[in-house]
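Each chain, letter by letter, is given below.
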Amino acid sequence: AQSVTQLDSHVSVSEGTPVLLRCNYSSSYSPSLFWYVQHPNKGLQLLLKYTSAATLVKGINGFEAEFKKSETSFHLTKPSAHMSDAAEYFCVVSGLIGGYQKVTFGTGTKLQVIP
Amino acid sequence: GAVVSQHPSWVICKSGTSVKIECRSLDFQATTMFWYRQFPKQSLMLMATSNEGSKATYEQGVEKDKFLINHASLTLSTLTVTSAHPEDSSFYICSARALGTDSYEQYFGPGTRLTVT
């Protein structure tokens, strides 16, 4: 079985303050994990990915995420929010199930950045 | 690199007609492409996995005869919504996995917004 839980549907932060978007996963095997961002009426852009290398992953636009196997978490962080970070963020888990690649999306977290 | 395009980006059609959406990998070859559907303010739901030269694998609950998928080449997959109805109105997004890569990373297209009147 494979699943992703994004614990917050909405997160609101002030510009210049830290961002934390939480993601927990469940997977029978060692999965690959991703964070994608989607701006309104746009497609998805990859922020970062974890594929069994370093547990602390650095992505674009100052975002990073830490893979914690013991906590089955892959939370997304950024030290200082920018207005352009306002968007929907999706945590994604991908793994082999029955010999096929299975991709599961989280329900998304909408990030609001207050000036 | 790794750009995926979709055409059209936006389409309005009348109920009962069919609509074809194209997904192209522009600068790489993709053995596998994925089709997703996204309802307003919701996450992406995988509809089907499209493999070049073979039949698509549909997720449970997705009607094969309604959502026809063709993956004719390593750079093109098409999704045809047949006999469209208003409830088919949605944002359809495709993604592609590059040939020869061990990564599970998918490259996403910009999406196609379908409105059925």
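Everything quoted here is computed from the prediction, not taken from an experiment. Residue numbers run consecutively from 1 along every chain, following the written order of its sequence. Think of it this way: whatever chain is written first is A, whatever ligand is written first is 1, and the rest follow in order. Confidence filtering applies because this is a predicted model: local features only for residues at pLDDT of at least 70, side-chain atom pairs given and counted only at 80 or more, and all residues used for totals across whole chains, interfaces and linings. With hydrogens and water stripped out, all remaining heavy atoms of the structure feed into the side-chain values.

Participant: I keep staring at the environment of Trp35 of chain B and nothing clicks. Help me out?
Facilitator: All names here are of chain B. Only DSSP runs of H or I covering at least 4 residues are called helices, and only runs of E covering at least 2 are called strands; the numbering of each starts at the N terminus. If you trace the backbone, Trp35 turns up in strand 4 (residues 30-38). Of the residues examined, Trp35 reaches a relative accessible area of 0% and is grouped as buried. Spatially, the C-alpha atom of Trp35 lies 4.5 Å from that of Cys94, the residues being 59 residues apart in sequence. Counted as a polar contact is a pair of N or O atoms within 3.5 Å, where, for protein atoms, one must be capable of donating a hydrogen and the other of accepting one, and residues adjacent in sequence contribute only when both atoms are in side chains. Looking at Trp35, its side chain comes within polar contact range of the side chain of Ser77, at 3.0 Å. Remark: exposure states derive from per-residue accessible area (1.4 Å probe, protein chains only) relative to the maximum for the residue type, with buried under 20%, exposed over 50%, and partly exposed in between.

Participant: Would you take a moment to explain the pattern of salt bridges for this structure?
Facilitator: If charged atoms from side chains of opposite charge come close, those side chains can pair. The working definition used for a salt bridge is a side-chain nitrogen of Lys or Arg within 4 Å of a carboxyl oxygen of Asp or Glu. Considering all chains together, one arrives at 5 salt bridges over all chains under this definition. Ionic pairing is found between Lys78 of chain A and Asp85 of chain A, a salt bridge with its closest N-O pair at 2.8 Å. Both residues of the pair, Lys78 of chain A and Asp85 of chain A, belong to the buried class. Between Asp88 of chain B and Lys66 of chain B there is a salt bridge, and its shortest N-O distance comes to 2.9 Å. Of the two residues, Asp88 of chain B sits in the loop between strand 8 (76-81) and strand 9 (90-98) while Lys66 of chain B sits in the loop between strand 6 (57-58) and strand 7 (67-73), which places them 22 residues apart along the sequence. Of the two residues examined, Asp88 of chain B and Lys66 of chain B, each falls in the buried class.

Participant: Help me understand the pairing of strand 9 (residues 73-78) of chain A, please; the structure alone is not making it clear to me.
Facilitator: Walk down a regular strand and you will see the side chains alternate between the two sheet faces. Residue and element names in this part refer to chain A. Here the rule is simple: two strands pair whenever DSSP picks up at least two bridges between them. The pairing of strand 3 (residues 19-21) with strand 9 spans 3 bridges and is antiparallel. From the neighbouring strand, Leu21 faces strand 9, where its bridge partner is Leu76. Strand direction decides the pairing type here: strand 8 (residues 64-68) and strand 9, joined by 5 bridges, are antiparallel. Residue pairing for strand 9: Glu66 is matched across the bridge by His75.

Geometric descriptors of this kind do not, in isolation, establish any biological role.
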